[in-house]
Amino acid sequence: MLALFVRASVRHAGVVIALGALLVIYGAYRLLHTSLDIFPEFSPKLVIIQTEAPGLSAEQAEVLVTQPIENALGGLVALVSIRSQTIPGLSVVTLTFEESTDLYRDRQLVAERLGALSALLPDGLGPPVMVPLTSSSSTVMTIGFTSETRSAMELRGLVDFTIKPRLLSVPGVADVNVFGGDVAQLQIQIDPDRLKLHGLSIQDVVDSARQATGIRGAGFLENRNQYIVLRTSGQPESAEALAKIVVARPGGAKLLLGDVAEIKMGAAPPISQATVLGEPGIVVMVIGQLGADTMAVTREVEATLAEFDAVLQSQGVTLRPDLFRPAGYIERSLANITNHLMVGAALVVGILFLFLFNLRGAFISATAIPISLIAAALVLVEFGQSINIMVLGGL
C-alpha cells in the first residue's frame, strides 16, 4: 500500500506539489486567524451564582440565601452536582452540568429559575446573578495604577468611572475586577446623643434619608390631546444638600438631618487592598470571555489603555500595564518554535547533504518537516481546538 502511494506520488509529482502548496497556504491562513491561548479549555460546564447579603452572618446567609437557591435550582436537566460556599455577606453557588450539554442553554435554564426566586429572598439583598462566562485561563491582563499626587479615593474614582467602563467595551472582555483604593461614599454618621436629645430613633433618620434620595415615578397628567409624564427632581446630590433634609418638626420647628448627624463624603469600608511594586495603588484584572483570543484581546486592551496616556500623565497617575501579561508567554512560545524550526531545518539539510551529497534529498526532508507541523496544527484547528502553549510545546 505504501509503495503504491509512493509510485503514485512520483508519477503525479506536479499534483503533489500543488496540493502541498495549497496545504501550506491554507494552513498558514487558518493559523494566522485562529485563537491563541495559554491553556486549553479544561474546566467543566460550570454556572456560578453569586448573591450579596450585606449584614448577614455566614449562618444567616446559608439558611436565608444559599439553601433557597440550591432548592430552586435542583432538578435541572443534565445537572451533575451543586456546590456552595457561604461567607459573611456573600453566597456562592456552583452548578456543574454534563460535558455534552450546551453551556449557553444551561445558563438559560438557570436564569429561568432565578427569575422566580427573588421574591423568596429577604429584603435588602442583592439579586442572585450569574458570573460572566469566562475561559479557564480567565485573566487576560493585570495592570496597576499608582499616584503620588492623587488620593486613594480620587485614584479609585478615576479607575471606576473612566478606565473600567472603557475596558468593558473592548470585544472579548467579560469582566473587569478592581482592587484597592477607597470607594467614595456619601455617609450619614449619626450622633446618638443628639438623637436622644430630640427623641428620635435611627429608623427615623433612615426613613428621612431614603425618602429624600429615592427616585419615584410621579404619575402623569392627561387632557384631551396630551399625555404629560411627571418627573420628580431635587434629590440631594451633595453632603451639604443632604444635611438640609428635614427629619422632624418638633413644635413646628424644622429639625434637619445635619442637626443629628454629620454628613460627609467618606470612604466605604474596605474589602480589598492592593500594592503595585510596593506602593499603595489600584490593581485591575481584565477577565476574558469564553473562547476569546487571548492575543487579540490583549492587543485591544493595550490600545485602549494607550488612549488614556495623556489623561493619566496630566493627573499624575502612573500606569503599570505589565504586572501580569499571559500573551507574553504565547509570544515567547511562538518565537521559540520558529527558532527551533529554522535550526532543525538547517541541521537536517546540512547533515543529509554531508552524508548523502544529495541536495535534492535534503530539500525534500527540510520541506516535509514544516508541512507536517502545519498539517498537525490544521487538524486541531478544524476540530475546534485552539492553539495554546501546550500544543506549541508538543509541536
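This text goes with the structure placed above it.
About the thresholds
Residues numbered from 1 in each chain as written. Predicted model: local features only at pLDDT ≥ 70, side-chain atom pairs only at ≥ 80, totals over all residues. Heavy atoms only, no water. Core = buried A, V, L, I, M, F, W, Y, C linked by side-chain atoms within 4.5 Å. Buried < 20%, exposed > 50% of the residue type's maximum accessible area, 1.4 Å probe, protein only. Helix = DSSP H or I, 4+ residues; strand = E, 2+ residues; numbered from the N terminus. Contact = heavy atoms within 4.5 Å. Pairing = 2+ DSSP bridges. Axes fitted to C-alpha atoms, helices over the stretch in contact; angles between N-to-C directions. Patch = residues over 30% accessible without salt bridge, like charges linked within 9 Å, V, L, I, M, F, W, Y side chains within 5 Å. Areas by Shrake-Rupley, 256 points an atom, 1.4 Å probe, with all protein chains shown as cover. Salt bridge = Lys/Arg side-chain N within 4 Å of Asp/Glu carboxyl O. Parallel < 35°, antiparallel > 145°, perpendicular 65-115°, else oblique. Left-handed = near helix turned anticlockwise from the far one by under 90°. Nonpolar A, V, L, I, M, F, W, Y, C, P; charged D, E, K, R; others polar. Phe/Tyr/Trp six-rings, centres within 6.5 Å; stacked < 30°, edge-to-face > 60°.

Engineer: Let's hear about the nonpolar core: which residues, and what values?
Structural biologist: Counting residues in each nonpolar core, the largest one holds 23 residues, and the members touching the most others are I143, F145, L167, V173, I282, V284 and V301. Elements with a minimum of two residues in this core: β6 (134–147), α5 (152–168), β7 (173–179), β16 (282–289) and α10 (294–306). A total of 5 residues in this core trace back to one element, the largest contributor, which is α5. Discounting chain neighbours no more than four positions away, the residues touching V301 are M141, L167, V170, V173 and V286. Ranked by size, the runner-up nonpolar core spans 20 residues in total, among them L109, V110, L121 and L125.

Engineer: Give me the lowdown on the sheet that holds strand β17 (residues 317–324), citing residues and values where you can.
Structural biologist: As summarised here, the arrangement of the 4 strands in space is β7-β16-β6-β17, forming an open sheet in which the pairing is antiparallel. Looking at the sheet topology across the chains shown, the edges are occupied by β7 and β17. Each adjacent strand pair in this sheet contributes to an overall mean axis angle of 25°, direction not counted. Strand direction decides the pairing type here: β7 and β16, joined by 6 bridges, are antiparallel. Each residue of the ladder has a partner; that of N177, found in β16, is M285. Contacting β6, β7, β16 and β17, α5 crosses the sheet at an angle of about 170° to β7. Running over the sheet, α10 touches β6, β7, β16 and β17 and is turned about 20° from β6.

Engineer: Tell me what's going on with a nonpolar patch on the surface, and back it up with residues and numbers.
Structural biologist: The grouping of V343, L347, I351, F353, L354, F355, L356 and L359 at the surface amounts to a nonpolar patch, some 860 Å² of accessible area in total. No other element matches helix α12 (residues 327–356), which puts 7 residues into the nonpolar patch. In this fold, V343 is placed in helix α12. Under the relative-accessibility criterion, V343 is labelled partly exposed at 49%.

Engineer: Can you explain the packing of α12 against helix α13 (residues 359–382)? Please cite residues and give values.
Structural biologist: α13 packs onto α12 with a crossing angle of 155° between their chain directions and a minimal axis gap of 8 Å. Classed by the angle they form, the pair α12 and α13 counts as roughly antiparallel. When you trace α12 past α13, the crossing you get is right-handed. Only L359, G361, A362, S365, A366, I369 and L373 of α13 make contact with α12, whose side of the interface consists of L341, A345, V348, V349, L352 and F353. Its residues assigned to classes, the contact of α12 with α13 comprises 11 nonpolar, 2 polar and no charged.

Engineer: An account of unusual backbone geometry is needed here, citing residue identities and associated values.
Structural biologist: Across residues other than glycine, the phi torsion is negative in most instances, and most of the peptide bonds are trans. Even without being a glycine, A78 presents a positive backbone phi close to 65°. For A78, the position within the fold is in the loop between α3 (58–73) and β3 (79–87). Look at L277: it is not a glycine, yet its phi comes out positive at around 55°.

Engineer: Which residues make up the packing of helix α2 (residues 13–32) against α13, and what values do they have?
Structural biologist: The contact between α2 and α13 brings their axes to 9 Å, and the two run at 50°. Taken together, the axes of α2 and α13 lie oblique to each other. For the pair α2 and α13, the crossing hand works out as left-handed. Within the contact between the two elements, α2 uses L23, V24, Y26, G27, R30 and L31 and α13 uses I371, I374, A375, A377, L378, V381 and E382.

Engineer: Break down the packing of aromatic side chains for me, citing the residues and quoting the values.
Structural biologist: In the structure shown here, the tally under the stated rule is 1 aromatic pair. Between the aromatic rings of F324 and Y329, the centroid separation amounts to 6.4 Å while the plane-to-plane angle is 65°, which identifies the pairing as edge-to-face. The class of F324 is partly exposed, set by a relative accessible area of 32%. Judged by its relative accessible area of 37%, Y329 falls in the partly exposed class.

Limitation: the analysis is restricted to geometry and does not speak to function.
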